[in-house]
Every structure is written in C-alpha cells, then in structure tokens.
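# Residue-level structural notes
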Amino acid sequence: MSLADVKYLPETPAHDPEIEAINDEAFGPGRFVLAAYKIREGGPHERALSFVAVDGDIVVASVRMTRIAAGASRALMLGPLAVRPAFKNLGIGRRLVAIALGAAAKAGVPAVILVGDEPYYGPLGFKRIPRGQISMPRPVDLDRLLSHEIVPGAVAGLVGEVCHADQARVAAHVAAMA
Ligand SMILES: CC(C)(COP(=O)(O)OP(=O)(O)OC[C@H]1O[C@@H](n2cnc3c(N)ncnc32)[C@H](O)[C@@H]1OP(=O)(O)O)[C@@H](O)C(=O)NCCC(=O)NCCS
C-alpha cells in the first residue's frame, strides 16, 4: 500500500457497515456511553460533511460530522474520527480532519467542536473551550472539549448544554406551541 493509493471521498450509505466496524475496533462497545454518542443519538450525522479514506474498495478511515446546538447557536461536532490500525501514522487522520473542516467552512458552518486529545487536534486548529461555557449531556473531561472557529466570535456564542441540532429544533417547536 502506498499513500498515493488512498483516496478521500464523501461518505455514502454504502460505507456504513465498514465505518461501524472501524469505530468498533477503535473505540470498542464502551463508546456508546460517551457524551458525544449521547448527542449523536439525537439525530442523524451530516453525511454531506462526513468523509472516508479508501484504499481501493476498502474503507480505511472515517470522520463524521453532526449538527449540534448550544443555546441559540449552531455548530458541527466532529467525530468519531478513526483510522484502521494498519493505516495509522500516515497522515490520513490529519487529512480527513482538514477535509471535513474545509467542507464545513464551505457550507457556512461557523464553528466545529469535538471531544478529543488536544495534543492531536491542537495542531489541526482546535483550542480548548473555556471551562463552564458549554456542558455535555454526560460527564466529560473538560480539558478535552475543543473548538475550531470558522466565523470570528462563533465559539463564544456556544453556551449551555450541547445537544443534536434536531433536538433543539423540536424543543423550539414545542415551546412555540405551548
Ligand atoms: C487518533 C487517530 C485518528 C490518528 O489518526 P492517524 O491517521 O493515525 O494520525 P496521523 O497520521 O494524522 O497523525 C499521526 C501523528 O499523530 C500522533 N497522534 C496519534 N494519536 C494521538 C493522540 N491521541 N494524541 C496525540 N497525538 C496523537 C501520532 O503520534 C503522530 O505523531 P507524529 O506525526 O509526530 O509522528 C488514530 O490513531 C485512531 O484511529 N485512533 C483510535 C481512535 C481515536 O482515538 N480517535 C480520535 C479520538 S480523540
């Protein structure tokens, strides 16, 4: 395998089984109790802004994006990001993050957040979100709450509990009906 053989493609439903297997291998069954998964349970991920790396017909890495809300603000949450073990440390993860951030910016998304390792994501343009600014639906190490700002000032607008954007829409609809 050479890196030149690896292609980066928008995700399609046909990739789903392999993505599930990659995430299972990377994070194990315990992933379902994580705060980020709780948010993702609130609705679908944004397939148009999610990407895979393929070697021939085989999916070797995946990054997904999910629309989220925090207070009145909207953003994307990046993750899961996972690379098959045999393809790690080749720059594939970094490249997928760059592609996803580029697509988010092109789509007019003001900010991207994630729960992850600052030593990895820091050089990719992510910074810690100030403690107490946002909260997650399940416990999370606050030092791992990171953001990438696309529109200046957008991250400061993210306040309160993070949820899937679809849930915020439903809650706003219910409140308007009351
Ligand atoms: C983390 C992960 C996505 C990185 O993807 P990758 O394609 O192997 O990484 P890249 O080739 O883009 O980058 C490799 C560099 O990142 C570093 N790195 C990898 N994981 C890291 C981490 N968790 N924290 C800090 N640095 C990390 C490597 O040591 C390497 O450093 P170097 O360039 O100085 O040698 C991949 O290892 C993976 O799937 N891990 C399991 C799932 C996971 O942890 N996902 C991220 C959630 S935080």
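Please read all numbers here as calculations on a predicted model, not as lab measurements. (Residues numbered from 1 in each chain as written. Predicted model: local features only at pLDDT ≥ 70, side-chain atom pairs only at ≥ 80, totals over all residues. Heavy atoms only, no water.)

Counting secondary structure elements, the chain contains 5 helices and 9 strands. Listing every helix and strand of the chain by position from the N terminus yields β-α-α-β-β-β-α-β-α-β-β-β-β-α. Whereas a compact globule of 178 residues would reach a radius of gyration of roughly 16 Å, the chain reaches 16 Å, a difference of no more than 12%. Seen along its three principal axes, the alpha-carbon backbone of the chain occupies a region of about 55 × 30 × 30 Å. Scored against the burial criterion, the 178 residues of the chain give a buried share of 42%. Pairs at least 24 residues apart make up 70% of the contacts formed inside the chain by residues separated by at least 6 positions. Roughly 8,900 Å² of accessible area belongs to the chain as shown, and the carbon and sulfur atoms make up 59% of that amount. (Helix = DSSP H or I, 4+ residues; strand = E, 2+ residues; numbered from the N terminus. Rg over C-alpha atoms; globule rule 2.2 N^0.38 Å. Buried < 20%, exposed > 50% of the residue type's maximum accessible area, 1.4 Å probe, protein only. Contact = heavy atoms within 4.5 Å. Areas by Shrake-Rupley, 256 points an atom, 1.4 Å probe, with all protein chains shown as cover.)

So, on to the packing of aromatic side chains. In this description, a pair of aromatic rings is defined by centroid distance and the angle of the planes. Under the definition given, this model contains 3 aromatic pairs. Ring centres of Tyr120 and Tyr121 lie 5.2 Å apart, and the angle between their planes is 85°; this geometry places the pair in the edge-to-face category. The class for Tyr120 is partly exposed, based on a relative accessible area of 34%. Owing to a relative accessible area of 9%, Tyr121 belongs among the buried residues under this scheme. Between Tyr121 and Phe126, the aromatic rings sit 5.7 Å apart at their centres with planes inclined by 75°, giving edge-to-face as the arrangement. Members of the aromatic cluster, joined through ring pairs, are Tyr120, Tyr121 and Phe126. Here the guanidinium or amino end of Arg40 rests over the ring plane of Tyr37, the centre of that ring lying 4.6 Å away. (Phe/Tyr/Trp six-rings, centres within 6.5 Å; stacked < 30°, edge-to-face > 60°. Lys NZ or Arg CZ within 6 Å of the ring centre and 35° of its normal.)

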